[in-house]
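Single-letter residue listing:
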Amino acid sequence: MHKKSRKFATLAIREGHHQTPEQEHSEAIFPTSSYTFANAEEAAAKFSGDIAGNIYSRFNNPTVRYFEERLAALEEGESCVATSSGMSAILATMMGLLQQGDEIVCSKSIFGTTTNLFNNYLTKFGIKFTFVDLTDLEAWETAITNKTRLLFAETPSNPLTEIVDIKALSQIAHRNDALLVIDNCFCTPALQKPLTLGADIVVHSATKYIDGQGRCIGGAVVGDKELVGNQIFGVLRSAGMTMSPFNAWVFHKGLETLDIRMSAHSQNASTLAHWLDQQESIEQVYYPGLTSHPQHELALQQQSDFGGIVSFAVNGGKEASWNVMNHCELLSITANLGDTKTTITHPASTTHGRLSAEERASANITDGLIRVAVGLEHIDDIIGDFKTGLKS
Ligand SMILES: *Cc1c(COP(=O)(O)O)cnc(C)c1O
């Protein structure tokens, strides 16, 4: 069977699989900071790049490489660079591709820390950001100037699960000589492959669904050999936002079950969203799988399933939403997502708490809003816990 014809679930288990002479079946971990050379000649040749091989674990480690090979295959990218966190994946991308004076057009609905990284730090180095509505393609095009070097978006967005047409956005980027970067954290390649839709670069917080059990912090960048394998890898080599071999091993094993986990998360989330939609005390439910979702049709085309994130707004503002959260007995109040354990978050006072009241209002992050990252507990128990919470 030719490798190219292998299916996603198979690649997730068999790509990046390498054995040592011990013939272990599960991949080995290589916790080593450096590697020895047979002689001075070999050391010189490896340092100069004349021959390939391991030098130092800031930029080469077999366990990390196995994870990179596997994720690159799943995203259908040529090259992957693993990083110490999702944030450092975004930082390395920006450091690798931008210079002073460059401009970025960015979705308003992105992870709060990403907004902080852009506004508080990258602006110090002369990078300019313009923020636009994720779903408004005209606004993206209008915001582009002759200095725009890249477009940055998350889809579906956090916490309201808005969706942008990746193919259309990539066409806007390319006709303006800009690159499109997509944060694919919410869908993972199991549900959506931005590179096959025209995006140039995918960034990940591996911390979320790639781990899948809430254990490690990590990230990755995937794309072509020149941009990722050369330019962004170069940043990692010099700046050192390196993934540890242990974390790489956890993520590598996490990928083996990504396909079945994402379909189970999606199934639970869909059942919960439909149930929430029928409760009288709930104002609105945000889930791409509901026909009432404004981009439901686009989600059907662009994604193979609707994912594990559901948000809903209760009547009665903050008092009511906190009441619901505090009366849930099973579900965990925590900001992480992508875990087997269902997590609930109040965005207005946590992940989006640093935004001003006006910024939150314009982004529709109301005080009654609760975000649920639906886990893999039995759906009857998840719904049962919300019944208890909502009764309060
Ligand atoms: C969590 C998250 C990040 C940041 O990842 P870390 O691993 O926490 O650094 C970036 N983007 C999205 C969409 C996230 O959810």
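Residues numbered from 1 in each chain as written. Predicted model: local features only at pLDDT ≥ 70, side-chain atom pairs only at ≥ 80, totals over all residues. Heavy atoms only, no water.

Draft legend 1. Molecular detail of the pairing of strand 6 (residues 201-205). Burial of strand 6 is extensive: five of the five residues sit out of reach of the surface. Side chains Ile201, Val203 and Ser205 project from strand 6 onto one buried face, and the interleaved Val202 and His204 project onto a second face that is buried too. Sheet topology places strand 5 (residues 179-183) next to strand 6; three bridges connect them, and they run parallel. Bridging across to strand 6, Ile182 finds its partner in Val202. Summarising the sheet, strand 6 and strand 7 (residues 219-223) pair through four bridges and their orientation is antiparallel. Across the sheet, Val202 pairs through a bridge with Val222, a residue of strand 7. (Buried < 20%, exposed > 50% of the residue type's maximum accessible area, 1.4 Å probe, protein only. Helix = DSSP H or I, 4+ residues; strand = E, 2+ residues; numbered from the N terminus. Pairing = 2+ DSSP bridges.)

Draft legend 2. Structural context of helix 10 (residues 245-256). Its 12 residues place the ends of helix 10 17 Å apart at the C-alpha level, agreeing with the 16 Å of an ideal helix rising 1.5 Å per residue. The complete set of buried residues in helix 10 reads Pro245, Asn247, Ala248, Val250, Phe251, His252, Gly254 and Leu255. Looking at the buried side of helix 10, the elements it contacts are helix 1 (8-14), helix 3 (62-75) and helix 11 (258-277). (Expected span 1.5 Å × (residues − 1). Contact = heavy atoms within 4.5 Å.)

Draft legend 3. Structural context of the UniProt feature "modified residue: N6-(pyridoxal phosphate)lysine" (unreviewed entry) in the protein chain. Summarizing the sequence annotation, UniProt attributes the feature "modified residue: N6-(pyridoxal phosphate)lysine" (unreviewed entry) to Lys208 in the numbering used throughout. In this fold, Lys208 is placed in the loop between strand 6 and strand 7. (UniProt positions renumbered as here; feature names shortened; annotations may be inferred.)

Draft legend 4. Main features of the packing of helix 4 (residues 86-97) against helix 9 (residues 225-239). Closest axis-to-axis distance for the helix 4/helix 9 pair is 8 Å, and the angle between their directions is 100 degrees. Between helix 4 and helix 9, the angle is such that the two are roughly perpendicular. When helix 4 is examined against helix 9, the residues Ala92, Thr93, Met95, Gly96 and Leu97 are found in contact with a partner set consisting of Leu227, Gln231, Ile232 and Val235. For the contact of helix 4 with helix 9, the residue count by class is six nonpolar, three polar and no charged. (Axes fitted to C-alpha atoms, helices over the stretch in contact; angles between N-to-C directions. Parallel < 35°, antiparallel > 145°, perpendicular 65-115°, else oblique. Nonpolar A, V, L, I, M, F, W, Y, C, P; charged D, E, K, R; others polar.)

Draft legend 5. Seen up close, unusual backbone geometry. Note that the residue after Thr155, namely Pro156, is joined by a cis bond; omega there is -5 degrees. Within the secondary structure, Pro156 is located in the loop between strand 4 (148-154) and helix 7 (166-175). In the Ramachandran plot, Glu76 falls in the positive-phi region, its phi being about 60 degrees despite a non-glycine side chain. Mapped onto the fold, Glu76 is located in the loop between helix 3 and strand 1 (79-83). Look at Thr188: it is not a glycine, yet its phi comes out positive at around 60 degrees. Mapping Thr188 onto the fold places it in helix 8 (residues 188-191).

Draft legend 6. Quick peek at the site of the ligand. Lining the immediate environment of the ligand, one finds Ser85, Gly86, Met87, Phe111, Glu154, Asp183, Cys185, Ser205, Thr207, Lys208 and Gly218. Separating an oxygen atom of the ligand from a side-chain N or O atom of Ser205 is a distance of 2.8 Å. One of the side-chain N or O atoms of Thr207 is found 2.6 Å from an oxygen atom in the ligand. Protein chains shield 92% of the accessible area of the ligand, which is 380 Å² for the free molecule. Of the residues in the shell around the ligand, the class split is three nonpolar, five polar and three charged. (Near = heavy atom within 4 Å. Polar contact = N/O pair within 3.5 Å; in protein donor to acceptor, adjacent residues only side chain to side chain. Areas by Shrake-Rupley, 256 points an atom, 1.4 Å probe, with all protein chains shown as cover.)

Draft legend 7. Looking closely at the packing of helix 11 against helix 15 (residues 379-391). One way to put it is that helix 11 packs onto helix 15 with a least axis distance of 10 Å and a crossing angle of 35 degrees. As helix 11 packs across helix 15, the resulting crossing turns out to be right-handed. Contacts from Asn268, Thr271, Leu272 and Trp275 of helix 11 reach helix 15 at Ile379, Ile382, Ile383, Phe386, Lys387 and Leu390. (Left-handed = near helix turned anticlockwise from the far one by under 90°.)

Draft legend 8. Seen up close, the sheet that holds strand 4. On the basis of which strands lie adjacent, the open sheet formed by seven strands has the order 1-7-6-5-4-2-3 and mixed pairing. Each edge of the sheet is formed by a strand with only one pairing partner; in this case those strands are strand 1 and strand 3 (128-132). When strand polarity is set aside, the average angle formed by the axes of neighbouring strands in this sheet is 20 degrees. Against the sheet, helix 4 touches strand 1, strand 2 (103-107), strand 4, strand 5, strand 6 and strand 7, its axis set at about 150 degrees to strand 6.

Draft legend 9. Geometry of the environment of Pro156. On the basis of relative accessibility, which here comes to 5%, the residue Pro156 falls in the buried class. Excluding anything up to four places from it in sequence, Pro156 contacts Thr161, Glu162, Ile163, Phe186, Cys187 and Gln303.

Draft legend 10. Just the pattern of salt bridges, in detail. Scanning all chains against the criterion turns up 10 salt bridges. As a salt-bridge pair, Lys46 and Glu42 come within 2.9 Å of each other at their nearest N and O atoms. Of the two residues, Lys46 and Glu42 both sit in helix 2 (residues 40-48), four residues apart, roughly one turn of that helix. On the basis of relative accessible area, Lys46 is assigned to the buried category, the value being 15%. In this structure, Lys108 engages Asp133 in a salt bridge whose closest nitrogen and oxygen atoms are separated by 3.5 Å. (Salt bridge = Lys/Arg side-chain N within 4 Å of Asp/Glu carboxyl O.)

Draft legend 11. Region of the structure containing the domain arrangement of the protein chain. In terms of domain boundaries, the protein chain breaks down into domain 1 (3-257) and domain 2 (259-391). Between domain 1 and domain 2, the C-alpha centre-to-centre distance is 27 Å. Counting residues at the interface gives 34 residues for domain 1, matched by 35 residues for domain 2. Taken together, the two surfaces of domain 1 and domain 2 that pack against each other cover about 2900 Å², and 57% of this comes from carbon and sulfur. Ranking the residues of domain 1 by area buried against domain 2 places Leu160, Leu191 and Tyr209 at the top, with a combined share of 26%. The interface formed by domain 1 and domain 2 holds zero salt bridges in total. Tallied by class, the residues present in the side of domain 1 that touches domain 2 amount to 15 nonpolar, 14 polar and five charged. (Domains from an automatic or database assignment. Buried area = accessible area lost by both parts, 1.4 Å probe.)

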